[in-house]
Amino acid sequence: IVLNINKQIDQLDSKDLHNRKLNDYDKYLNITNSKTAIFNDIIIESEYDPLEPNRNCIKAKVNKLNDPTKLNQLKAELEQSMLDPSYKPNTKTLSKYTLPVQQWATGKIEATPYGMPPKTMSEMSKRRTHSNIIFDHFDYPKNNEYINNEMPVGKRTFIK
């Protein structure tokens, strides 16, 4: 994109560009002096067209761009096309598959892969996330037994 725009800029004559800008500004000043108000939503092209400078601006032609918001969808389509060469992507699909809203209700969602995890998984996660740290800044144990449990005494080394 940048190379294309740079090539078009290099082809422009600076004096021609300057004269074009002055001419557009002159048209704008003439119409504002002759009319009390100019509304951008009401354009009378025979009098003044405020969009004319935009039609003559530099434009970049681009090929297919990788949209980061559709990354998962594009990856799935690429994988499907590798498996089945006759696969044609659905142009109506705007995002990846999600669980239909009708199945969100209790009793239905448990029957889907999105449902509740098995009890063994929840028990494992409880053990993994368990902590002995007390988060009460005002009432906490201060005895030696608690300190020895949290930070046991290290091994003593003897130097001979």
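(A) Layout of the overall build of the chain. Across its full length, the chain holds six helices and zero strands. Going from the N terminus to the C terminus, the chain shows its helices and strands as α-α-α-α-α-α. Residues counted as buried form 5% of the 160 residues belonging to the chain. A fraction of 27% describes how many contacts in the chain between residues 6 or more apart in sequence connect residues 24 or more apart. In the form shown here, the chain has an accessible surface area of approximately 15700 Å², with 57% of it arising from carbon and sulfur atoms.

(B) Region of interest: the layout of surface pockets. Roughly 220 Å³ of volume is contained in the largest pocket. Counting residues per element, the lining of the largest pocket draws most heavily on helix α2 (residues 14-34), which supplies five residues. Looking at the lining of the largest pocket residue by residue, the classes come out as five nonpolar, one polar and five charged.

(C) A look at the confidence of the model for the chain. In the predicted model, the chain carries a mean pLDDT of 77, and the fraction of residues at 70 or more is 81%. Put simply, helix α5 (residues 119-129) is where the chain has its lowest mean pLDDT, 67, and α2 is where it has its highest, 88.

(D) Main features of a nonpolar patch on the surface. Taken together, I1, V62 and L65 make up a surface patch of nonpolar side chains, about 300 Å² in accessible area. In this structure, L65 sits in the loop between α3 (52-55) and α4 (71-83).

(E) Structural detail: the environment of E52. Mapped onto the fold, E52 is located in helix α3. Separated by 28 residues in the primary sequence, E52 and D24 have C-alpha atoms spaced 8.5 Å apart.

(F) Up close: the side chain of E77. Residue position: E77 is located in helix α4. Aside from chain neighbours lying at most four places away, what touches E77 is Y87, P89 and N90.

Conventions we followed
Residues numbered from 1 in each chain as written. Predicted model: local features only at pLDDT ≥ 70, side-chain atom pairs only at ≥ 80, totals over all residues. Heavy atoms only, no water. Helix = DSSP H or I, 4+ residues; strand = E, 2+ residues; numbered from the N terminus. Buried < 20%, exposed > 50% of the residue type's maximum accessible area, 1.4 Å probe, protein only. Contact = heavy atoms within 4.5 Å. Areas by Shrake-Rupley, 256 points an atom, 1.4 Å probe, with all protein chains shown as cover. 1 Å grid on protein atoms, 1.4 Å probe; cavity = no way out; pocket = protein on both sides within 12 Å on 5 of 7 lines; lining within 4 Å. Points joined across faces, edges and corners; volume = space filled by probe spheres on them. Nonpolar A, V, L, I, M, F, W, Y, C, P; charged D, E, K, R; others polar. pLDDT = per-residue confidence, 0-100. Patch = residues over 30% accessible without salt bridge, like charges linked within 9 Å, V, L, I, M, F, W, Y side chains within 5 Å. Salt bridge = Lys/Arg side-chain N within 4 Å of Asp/Glu carboxyl O.

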